[in-house]
Amino acid sequence: MCGIVGYVGKQKVVPILMEGLKRLEYRGYDSAGIAVLENKGLLFEKAAGKISVLESMLNGKKFEATTGIAHTRWATHGEPTNQNAHPHIDCKGEIAVVHNGIIENFDALKEVLARKGHKFTTQTDTEVLAHLIEEYFEGDLVEATRTALSLVEGTYGIAVLSKKTPHQIVVARHGSPLVIGSGEDENFVASDVSAILKHTKQVVYLKDNEMAVVTSQDFSITTIDNIQVTPHIQEISWSLDMIEKGGYPHFMLKEIFEQPLTLRDAIRGRLNPIDGTARLSGLNLQYEQLQHINRIIFLACGTSWHAGLIGEYMIEENAGIPVEVEYASEFRYRSPIIQEGTIVFAISQSGETADTLAAMREAKRKGATVLGICNVVGSSIARDTDGGVYIHAGPEIGVASTKAFTSQIMVLSLISLLLARMRNMSLERGREVIKHLQEIPEKVEMALKKEDEVKKIAQLYHKKNNFLYLGRGINFPVALEGALKLKEISYIHAEGYPAAEMKHGPIALIDENMPVVVLAIKDAVYDKVLSNIEELKARRARVIAIATEGDCEISKKVEHVIYIPKTLDMLTPLLSIIPLQLLAYHMAVLRGCNVDQPRNLAKSVTVE
Ligand code: G6P
């Protein structure tokens, strides 16, 4: 979704801003722009489309500026046109604003400002900010911004520049992330550390309702109500090569192949083979509190929601605790029932998804203990929860989540092991689970070796327009995730279904033109899945099965089989999703799609 980058220092600002914007491309956007302070005043350029369009507009122009802000926009209010792109400028052409989030009362504010003579040129909500700041500007940009923000309802991460106060950037945050990067005689601002990681690893995350004035020499933070805040500088552990492609044609493929490594990182130091349990001290819960959990709610969106569904199967089966998995967007507007003993987990790769954040706050308000399962350290969800578990998957740049998904499942399996060992699971069984968990990274490596077989299947089917994915038990959410991956990046319509439910609708769609991916793992529901395959075959469906190594029977029944290694039933999603990720990837590549930045999608959805 929208991205912000800003710089104030001694270097020429335009190349720094453009490089930062490119690092933010992965978040998803449809237009881009920059504003810089030259001697002659405020200059800005903006363009609909890719950053390369903006780049070509800047080509040949000479910029000396050393202060500036830039933005990638993901349209919410107003189409993705040149005019609606950020930065937005006041009437006098002296103030520039870039904004992530949504100003909910923009209509009312616009009306008042228009009556005072302000001229609006865009359909965006953001433009009111530039005019509001202009309206209240009396020589101090920080104070004008503060006053403007006191009138605004909604969410924002903003960066503001003014010709009248050169060599400074004013930033503020309420619901949309903002980070200040500290350098030598220079400072940076960004909505995402990857935009500035090349230049500095020393950062300060602004908290909600904080603002800052940033110059080349320092930055000073206050709350929006003007209470001084002491900055807490943190060191980023990510390195630059972690956010680069490392020889792979796409981030998504790199991230798929990183999974053996990221899964090792997810369990590192967290297994206790002697007691057959997991160590998860970040949960910040006492033994007694863990023992008294009598209900668990998972809040999440998208792929993280699918991970939650897998967690539900794992925890109910192993620990016997009832679990509910809620779409965060629905939960936040319901009247959820939170009782004593209910624990809520917010599952989010980015830790910034607006709906998950709001749902989690609602649960907190109702008295729940809220924990996080996050990837991005220092993210809003990670900071706002009472404790949690980091998945340690490293930066995920491909919009379609892959390695974060498997790491979320890995962490959920650890949570389920911990809770189960406090209840009915025997020491022996706990140790067996640990043994299998330790073998998973190697088995993922084996599953990845099937890439060429998957590619051949993709070559046969990439021109199809519809796909069905079926699974049962713990592999039903894998079917959902496989279908989501395919539609996200290849734009093929795909539906995931519980295999037996097929009879209650989707079977009407089955004929020789409908490829069906079936998760036919040798687990407790294997025979049932075989019966579902027979039903498909009777209707001439073309079946691609994901099956367990050594299962010869299945190859006689279906057209294509991709084998995965055997593991415990509860851990099969960690392996069965691998061929489905590869299938979606190769189909999308064959269809000529932009795999890492699929149309209309955003990596981190920071608006409702
Ligand atoms: C977006 C992304 C998905 C992701 C979802 C939830 O829609 O495109 O890949 O699963 O948000 O994101 P989160 O960061 O909360 O896991």
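Further up the page is the structure itself.
This one's a predicted model, so the numbers in the text were calculated from it and none came from an experiment.

Q: Would you take a moment to explain the overall build of the protein for this structure?
A: A count of helical and extended segments in the protein gives 19 helices and 27 strands. A compact globule built from 608 residues would reach a C-alpha radius of gyration of about 25 Å, and the protein, at 25 Å, matches this within 12%. With respect to the three principal axes, the spread of C-alpha positions in the protein is 75 × 55 × 45 Å. In the protein, which comprises 608 residues, the share counted as buried stands at 62%. Of the contacts formed within the protein by residues at least 6 apart in sequence, a portion of 71% connects residues at least 24 apart. Total accessible area computed for the protein in this model is approximately 23,300 Å², and 49% of it derives from carbon and sulfur atoms. In the protein, 66 side chains carry a positive charge and 75 a negative one; their mean positions are 4 Å apart.

Q: Just to check I follow, could you spell out the sheet that holds strand E5 (residues 88–89) for this structure?
A: Strand pairing in a sheet is mediated by backbone hydrogen bonds. Such pairs are either parallel or antiparallel. Strand order across the open sheet formed by seven strands is E5-E6-E7-E8-E12-E13-E14, with antiparallel pairing between neighbours. The two strands at the open ends of the sheet, each matched to only one other strand, are E5 and strand E14 (228–229). Bridge count between strand E12 (residues 210–214) and strand E13 (residues 219–223): five bridges; the pairing is antiparallel. Within E13, the residue paired with Met 211 across the bridge is Thr 222.

Q: Sorry if this is basic, but what is going on with the site of the ligand here?
A: Around the ligand, 14 residues are found, and the nearest of them are Ser 304, Ser 348, Gln 349, Ser 350 and Thr 353. Interatomic distance of 2.7 Å between a backbone N/O atom of Gln 349 and an oxygen atom of the ligand. Note that an oxygen atom of the ligand is positioned 2.5 Å from one of the side-chain N or O atoms of Thr 353. Relative to its unbound accessible surface of 390 Å², the ligand loses 91% to contact with the protein. Per-element accounting of the shell around the ligand gives the leading share, three residues, to helix H9 (residues 302–319).

Q: So what exactly am I meant to see when it comes to unusual backbone geometry here?
A: Negative phi characterises most residues that are not glycine, and trans characterises most peptide bonds. The omega torsion of the bond from His 86 to Pro 87 falls at 5°, within 30 degrees of zero and hence cis. Here Pro 87 shows up in the loop between strand E4 (67–73) and E5. In this model, His 167 sits at a positive phi of 65°, which is unusual for a non-glycine residue. Topologically, His 167 is positioned in the loop between strand E7 (156–162) and strand E8 (169–174). His 167 sits in the exposed class, given a relative accessible area of 53%. Even without a glycine there, the phi angle at Tyr 491 is positive, about 60°.

Q: Help me understand the sheet that holds strand E25 (residues 515–520), please; the structure alone is not making it clear to me.
A: Taken in spatial order, the five strands of this open sheet run E24-E23-E25-E26-E27, and their pairing is parallel. Every interior strand has two partners, whereas the edge strands, strand E24 (493–498) and strand E27 (560–564), have only one. On average, each strand axis in the sheet is tilted by 20° relative to the strand beside it, whichever way the strands run. Inspection of the sheet shows E25 paired to strand E26 (residues 542–548) by six bridges, in the parallel sense. Along E26, the bridge assignment pairs Leu 519 with Ile 546.

Q: Help me understand the packing of helix H7 (residues 259–267) against helix H14 (residues 427–448) in this model?
A: Helices that pack against each other are described as a pair by the angle of their axes relative to one another and the distance between those axes. In the contact formed by H7 and H14, the axes pass within 8 Å of each other and the chain directions differ by 170°. Here H14 runs roughly antiparallel to H7, going by the angle between their axes. For the pair H7 and H14, the contacting residues are Gln 259, Pro 260, Leu 263, Arg 264 and Ile 267 in the first and Leu 437, Gln 438, Ile 440, Pro 441, Glu 442, Val 444, Glu 445 and Leu 448 in the second. Tallied by class, the residues present in the contact of H7 with H14 amount to eight nonpolar, two polar and three charged.

Q: Which parts of the structure should I look at to understand the environment of Cys 593?
A: As for its placement among the helices and strands, Cys 593 is situated in the segment after helix H19 (573–590). Judged by its relative accessible area of 14%, Cys 593 falls in the buried class. Separated by 103 residues in the primary sequence, Cys 593 and Ser 490 have C-alpha atoms spaced 6.1 Å apart. Leaving out residues up to four positions away in the same chain, Cys 593 has contacts with Ile 489, Ser 490, Tyr 491 and Ala 588.

Q: Would you explain the packing of aromatic side chains in this entry?
A: The relation between two aromatic rings is expressed through the spacing of the ring centres and the mutual angle of the planes. Following the criterion strictly, the structure yields six aromatic pairs and no others. Both rings, one in Tyr 7 and one in Phe 188, keep their centres 5.1 Å apart while their planes meet at 55°; by these two values the pair is tilted. With a gap of 181 residues between them, Tyr 7 in strand E1 (residues 3–8) and Phe 188 in strand E10 (residues 187–190) connect regions that are remote in the sequence. A relative accessible area of 0% means that Tyr 7 is categorised as buried. Owing to a relative accessible area of 1%, Phe 188 belongs among the buried residues under this scheme. On the basis of an interplanar angle of 75° and a centroid distance of 6.4 Å, the ring pair of Tyr 461 and Phe 467 is categorised as edge-to-face.

Q: What's the story with helix H17 (residues 526–537) in this structure? I'm lost.
A: Owing to its 3.6 residues per turn, the α-helix brings residues three or four apart onto one side. Across its twelve residues, H17 extends 17 Å between first and last C-alpha, which sits within 8% of the 16 Å expected from 1.5 Å per residue. Every buried residue of H17 is listed here: Tyr 526, Val 529, Leu 530, Asn 532, Ile 533 and Leu 536. Mapping the buried residues of H17 onto a view down its axis gives an arc of 160°, with all of them on the same face. For H17, the secondary structure elements touched by its buried residues are strand E23 (466–471), E25, E26 and helix H18 (552–557).

Q: Before we go on, may I ask you to explain the pairing of strand E11 (residues 202–205) in this structure?
A: Regular strands have side chains that alternate between both faces of the sheet. Sheet topology note: the strand E9 (residues 179–182)/E11 ladder contains three bridges and is antiparallel. By the bridge assignment, Gly 181 is partnered in E11 with Val 203. Alignment of E11 against strand E15 (residues 234–235), held across two bridges, turns out to be antiparallel. Bridge pairing in E15 places Val 203 opposite Gln 234.

Q: Please explain the side chain of Glu 210 as it appears in this structure.
A: Turning to its location among the elements, Glu 210 is positioned in strand E12. For the buried Glu 210, which has no salt bridge, the nearest side chain bearing the opposite charge is Lys 207, at an N-O separation of 4.5 Å. One polar contact links the side chain of Glu 210 to the main-chain amide nitrogen of Lys 207, over a distance of 2.9 Å. When sequence neighbours within four positions are dropped, the list of residues in contact with Glu 210 reads Ala 172, Arg 173, Ile 221, Thr 222, Thr 223, Ile 224 and Val 229.

Q: I'm lost on the state of the cysteines in this one. Help?
A: Note: disulfide means a covalent bond formed between the sulfur atoms of two cysteine side chains. Throughout the structure, instances matching the rule amount to zero disulfides. Unpaired in this structure, Cys 301 has its nearest cysteine sulfur neighbour in Cys 374, at a distance of 12 Å.

Q: Looking at this structure, how should I read H9?
A: In a regular helix each residue adds 1.5 Å, so 18 residues correspond to 26 Å; H9 covers 25 Å between its end C-alpha atoms and thus fits that length. Among the 18 residues of H9, 13 are classified as buried, and the element is accordingly described as predominantly covered. Downstream of H9 by a residue or two, Gly 320 has a phi angle that is positive, lying close to 65°.

Rules used in this analysis
- Residues numbered from 1 in each chain as written.
- Predicted model: local features only at pLDDT ≥ 70, side-chain atom pairs only at ≥ 80, totals over all residues.
- Heavy atoms only, no water.
- Helix = DSSP H or I, 4+ residues; strand = E, 2+ residues; numbered from the N terminus.
- Rg over C-alpha atoms; globule rule 2.2 N^0.38 Å.
- Buried < 20%, exposed > 50% of the residue type's maximum accessible area, 1.4 Å probe, protein only.
- Contact = heavy atoms within 4.5 Å.
- Areas by Shrake-Rupley, 256 points an atom, 1.4 Å probe, with all protein chains shown as cover.
- Lys, Arg positive; Asp, Glu negative; His and termini not counted.
- Charge placed at Lys NZ, Arg CZ, Asp CG, Glu CD.
- Pairing = 2+ DSSP bridges.
- Near = heavy atom within 4 Å.
- Polar contact = N/O pair within 3.5 Å; in protein donor to acceptor, adjacent residues only side chain to side chain.
- Axes fitted to C-alpha atoms, helices over the stretch in contact; angles between N-to-C directions.
- Parallel < 35°, antiparallel > 145°, perpendicular 65-115°, else oblique.
- Nonpolar A, V, L, I, M, F, W, Y, C, P; charged D, E, K, R; others polar.
- Phe/Tyr/Trp six-rings, centres within 6.5 Å; stacked < 30°, edge-to-face > 60°.
- Expected span 1.5 Å × (residues − 1).
- Arc of directions from axis to C-beta.
- Salt bridge = Lys/Arg side-chain N within 4 Å of Asp/Glu carboxyl O.
- Disulfide = S-S within 2.5 Å.

Interpretation in functional terms is not warranted from these geometric data alone.
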